[in-house]
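Below, each chain spelled out in residue letters.
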Amino acid sequence: MQALVLAGGEGTRLRPLTLSVPKPVMPLANRPFLTFMLEWLERHGVNEAILSCGFLSEAVERVLGERYGGIALRYVVEDEPLGTAGPVRHAAELGLVADRLLVLNGDVLTDFDLSAELAQHEAKGALATLALIAVPDTAGYGVVPTRDDLQVEAFLEKTAAPPTNRINAGAYVLEREVMERIPAGRAVSFEHEVFPQLVGHGLYGYLADGYWLDIGTPDRYLEATYDLLAERVESALPPRDETGSLVAEGSITSGARIGPMSVIGHHCSVGVGSTVERSVLHDDVRVGAGSTITGAVVAQGARLEDAVVVEEGAMVGAGASVSAGSRVERGARIDPGAVVSGGQPVGPA
Ligand code: GTP
């Protein structure tokens, strides 16, 4: 089975982290994010994945290479962003896709039963099938009601009283006929253009169960981290310590308090008397003594000197340096390479 993974977005909501690393290979629990998706795809019989890239595409290719486990990887790079459906048409025109294709949003952490979605697609003789996942709060999402026979009834943008809590989970099975209907040579959206026109013409919903989270915002990136650490989603991670944390081998943390629910990347050091709680440090981060990091993310190569406080929801960009005694306030965003000096507090961007 062949899959096309949409991996070309700029990930603006996850800045400043995505200014230096594209979202598809952003470290999550010390692994490039897409490796979780590729393992899930392999469990459901996928053996070839086309990665549709744009923004920082070289980084995606460099990190993932030509093969991951049992999946051969191919890359298609866009000159201009083609949206969510445009890349499928583009890959089809290049002669790369088979008559039936799985298409995935490349920023979803999930373990729902993709094989069951494919089986339903086949049984219904559908032109396209979209996975629909129930979420506790539909705010910020459009909802997709279905009829009793599972045909999609409508695409409803954010409404006050949604008739269902099922949203588009970003996992589609498509027949070639649908790929050929996508306009060529420009950005096209599945959600706004392609699927609404297919309502009543062979478009089905698959009611998915299981874990599902799109990791595209700082809050959800942290939530996905905690869920992986607590094994709320199926994955292959090394064992966590007694605080539920994951500390990469070779990082130096003696004399510091790490946890609960934290991830320390490779080649990090955290000084004596420092605390890292519900936080993520990517690789090569150095934290001095007596510092406190709570509910925050510190990107690769950042340096925090002594007695620094990083508050809830703050994001420190790659290679930034924060001088002794500074406070990075709740929700603040520090750009990659920025220098925060003089012990001045840094407010939200
Ligand atoms: P935001 O800027 O924060 O909205 O993030 P995003 O750019 O990733 O957009 P969004 O979350 O809507 O994208 C959903 C999925 O589609 C992600 O996996 C993106 O990488 C991918 N994607 C979005 N736009 C494009 C595009 O123009 N081309 C390709 N190839 N993929 C895209």
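Residues numbered from 1 in each chain as written. Predicted model: local features only at pLDDT ≥ 70, side-chain atom pairs only at ≥ 80, totals over all residues. Heavy atoms only, no water.

## Some words on the sheet that holds strand E14 (residues 257-258)
(1) Moving on: Reading across from one edge, E14-E17-E20-E23-E26 is the order of the five strands in this open sheet, with parallel pairing throughout. A strand with exactly one partner marks an edge of an open sheet, and here the two such strands are E14 and strand E26 (327-328).
(2) Moving on: Sheet topology places E14 next to strand E17 (residues 275-277); two bridges connect them, and they run parallel. Bridge pairing links Ile 258 to Val 276 in E17. (Pairing = 2+ DSSP bridges. Helix = DSSP H or I, 4+ residues; strand = E, 2+ residues; numbered from the N terminus.)

## Thoughts on the pattern of salt bridges
(1) Moving on: Under the definition given, this model contains 18 salt bridges.
(2) Moving on: For Glu 48, the salt bridge goes to Arg 74, with nearest N and O atoms at 3.8 Å. A residue pair is termed long-range when its members are at least 10 positions apart, and Glu 48 in strand E4 (residues 48-53) and Arg 74 in strand E6 (residues 71-77) qualify at 26 residues.
(3) Moving on: It is possible to trace a salt-bridge network through shared partners that takes in Arg 100, Glu 122 and Glu 175. (Salt bridge = Lys/Arg side-chain N within 4 Å of Asp/Glu carboxyl O.)

## Regarding the sheet that holds strand E7 (residues 100-105)
(1) Moving on: The sheet built from eight strands is open, its strands ordered E5-E6-E4-E1-E7-E10-E9-E11 with mixed pairing. For this open sheet the edge positions go to strand E5 (67-68) and strand E11 (203-208), each flanked by a neighbour on one side alone.
(2) Moving on: With five bridges connecting them, E7 and strand E10 (residues 166-175) associate as antiparallel partners. Bridge pairing links Leu 101 to Leu 174 in E10.

## Quick notes on the nonpolar core
(1) Moving on: In this structure, Leu 41, Leu 51 and Leu 109 are the most contacted members of the largest nonpolar core, which totals 61 residues.
(2) Moving on: Counting contributing residues, this core receives three or more from each of domain 1 (2-229) and domain 2 (246-346).
(3) Moving on: Not counting residues up to four positions away in its chain, the partners in contact with Leu 109 are Leu 28, Phe 33, Phe 36, Tyr 211, Trp 212, Leu 213, Ile 215, Ala 224, Leu 228 and Val 233.
(4) Moving on: Counting residues in hydrophobic clusters, the runner-up holds 30 residues, among them Ala 91, Ala 92, Val 152 and Leu 174. (Core = buried A, V, L, I, M, F, W, Y, C linked by side-chain atoms within 4.5 Å. Buried < 20%, exposed > 50% of the residue type's maximum accessible area, 1.4 Å probe, protein only. Domains from an automatic or database assignment. Contact = heavy atoms within 4.5 Å.)

## Some thoughts on the domain arrangement of the protein
(1) Moving on: What the domain assignment reports for the protein is domain 1 (2-229) and domain 2 (246-346).
(2) Moving on: With centres defined by C-alpha atoms, the gap from domain 1 to domain 2 works out at 33 Å.
(3) Moving on: The partner domain 2 presents 23 residues to the 15 residues of domain 1 that form the contact.
(4) Moving on: Of the roughly 1,500 Å² buried at the junction of domain 1 and domain 2 (both faces included), carbon and sulfur atoms supply 75%.
(5) Moving on: When the buried surface of domain 1 facing domain 2 is broken down by residue, Pro 16, Asn 30 and Tyr 226 rank first, second and third, together holding 36% of it.
(6) Moving on: Across the domain 1-domain 2 interface, the total number found is zero salt bridges.
(7) Moving on: Where domain 1 meets domain 2, there are three residue pairs in polar contact (both at pLDDT 80 or more).
(8) Moving on: Tallying contributions element by element places helix H8 (residues 218-229) first for the side of domain 1 that touches domain 2, with six residues.
(9) Moving on: Tallied by class, residues from the side of domain 1 that touches domain 2 come to 11 nonpolar, three polar and one charged. (Buried area = accessible area lost by both parts, 1.4 Å probe. Polar contact = N/O pair within 3.5 Å; in protein donor to acceptor, adjacent residues only side chain to side chain. Nonpolar A, V, L, I, M, F, W, Y, C, P; charged D, E, K, R; others polar.)

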